[in-house]
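# Results of the structural survey
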Amino acid sequence: MNAVWTEMSPYLALILVGYLPNEIWRVFGLVLARGLNEDSQIVVWSRAVATAILAGVIAKLIVFSTGALAGIPLGVRIGATVCGFLTFLAIKRSVFAGVVAGEGALLLGGWLLGH
Amino acid sequence: MPASAPFQSTTAAFLGGLRSALTSAFFLVLAGTYIGMGALAHGFGMGSWWLALSTVLIWAAPAQVILISSLGAGAPLIEVAIAVSLSAVRLFPMVVALLPLLRAEGTRLRDLLLPTHFTSVSMWVESLRLLPGLPRERRVAFSNGLSVGYMGTAASFGFVGYYLAAELPPLLAGALLFLTPMSFLMSTARNAKAMMDQLALVLGLVLGTLLTAANIQLDLMWTGIGGGTLAYVVHRLREATA
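If you're wondering where the values come from, they're calculated on a predicted model, not measured in any experiment. (Residues numbered from 1 in each chain as written. Chains lettered and ligands numbered in written order. Predicted model: local features only at pLDDT ≥ 70, side-chain atom pairs only at ≥ 80, totals over all residues. Heavy atoms only, no water.)

### A closer look at the confidence of the model for chain B
On average, chain B scores 89 in pLDDT, and the residues at 70 or more come to 98%. Of the two predicted TM-score estimates for the complex, the pTM is 0.79 and the ipTM is 0.85. (pLDDT = per-residue confidence, 0-100.)

### Digging into the side chain of Thr51 of chain A
Following the sequence through the fold, Thr51 of chain A ends up in helix α2 (residues 41-63). Ignoring sequence-local partners within four residues, the contact set of Thr51 of chain A consists of Trp124, Thr188, Asp197, Ala200 and Leu201 of chain B. (Helix = DSSP H or I, 4+ residues; strand = E, 2+ residues; numbered from the N terminus. Contact = heavy atoms within 4.5 Å.)

### Some words on the interface of chain B and chain A
With 86 residues of chain B at the contact, the number on the chain A side is 70 residues. In this assembly, chain B packs against chain A so that about 6800 Å² is buried in total across both faces, 78% of it on carbon and sulfur atoms. Three residues, Leu171, Phe178 and Met186 of chain B, lead the burial of chain B against chain A; their summed loss comes to 10% of the area buried on that side. Applying the counting rule to chain B against chain A returns two salt bridges. In this structure, Arg47 of chain A engages Asp197 of chain B in a salt bridge whose closest nitrogen and oxygen atoms are separated by 2.8 Å. In this structure, the connection of chain B to chain A is made through 19 residue pairs in polar contact (both at pLDDT 80 or more). Residue contributions to the side of chain B that touches chain A peak at 20 residues, all from helix α10 (residues 170-191) of chain B. Across the side of chain B that touches chain A, the residue classes tally to 59 nonpolar, 20 polar and seven charged. (Buried area = accessible area lost by both parts, 1.4 Å probe. Salt bridge = Lys/Arg side-chain N within 4 Å of Asp/Glu carboxyl O. Polar contact = N/O pair within 3.5 Å; in protein donor to acceptor, adjacent residues only side chain to side chain. Nonpolar A, V, L, I, M, F, W, Y, C, P; charged D, E, K, R; others polar.)

And the structure:
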């Protein structure tokens, strides 16, 4: 019994404190979006709020990094972000080019400062 | 890719979405992000199949990072649930903005259940870009194909990262974690053609940093409501004077 519990508890935790608190927002969206069309003001406002929250997540991941990324200095992370974004703007708004440039700058900066 | 190709059937639209997923920049980004996620799960002692299940059920990279790192560190379960839920608030306005685009004449509620669960940044950004060019009756199938492609990619590369983890030097592991914010930033910027979306993006970046630095509770929620509403109001004022 105890062995089964030890085996199953990470899966139970995944459902209870991972899946459910995450999924509930999607279900709320489904309920609210019924009967709305894409030009509704609440849909336009929702797009603005979703974009701003997403931008907040991006800022947190870059500025207040966790894990292995936190080991790379903040200045390098921000410099690499700027480098990637300028490349993105310069090369026809290519996401791929921007990500490659940002990653390249991060690796170079991290490597130079690590030596 | 040209989204104007008229699909003859639902199956063709699904396969079109799948192909679009596997050939977009997001394919590489998801592969890299989930190699990083696999490395993280390995580091915190979670199982590889547990990670795959969390990818299918949660399907949101920030929530998964929070779940893995806080469960792995032994945080109280209620704290984990609150943190995951806060990171997921963005899914609510995303679903509200996406579903009207997917709906056609005769679309039933149950047809929208899968797209609702599939809603995540990659799928949302690509759907908003590609769906307007498709006939309405093919949009749900296309979007499901797109999502299955992305989710399959993510789950597969989670395993790769998990088994690579022991070999990965810290700088490379950091670079993999950097993929998520880089790709989110640039794909959102690419989609932000209207002034309102660009303003919301900039305000969100600034407010997100300031509110987190100031240790404000529920920082992401206030970033979204504050930054998003301000961008919306500016947009309405400009429309009114135009």
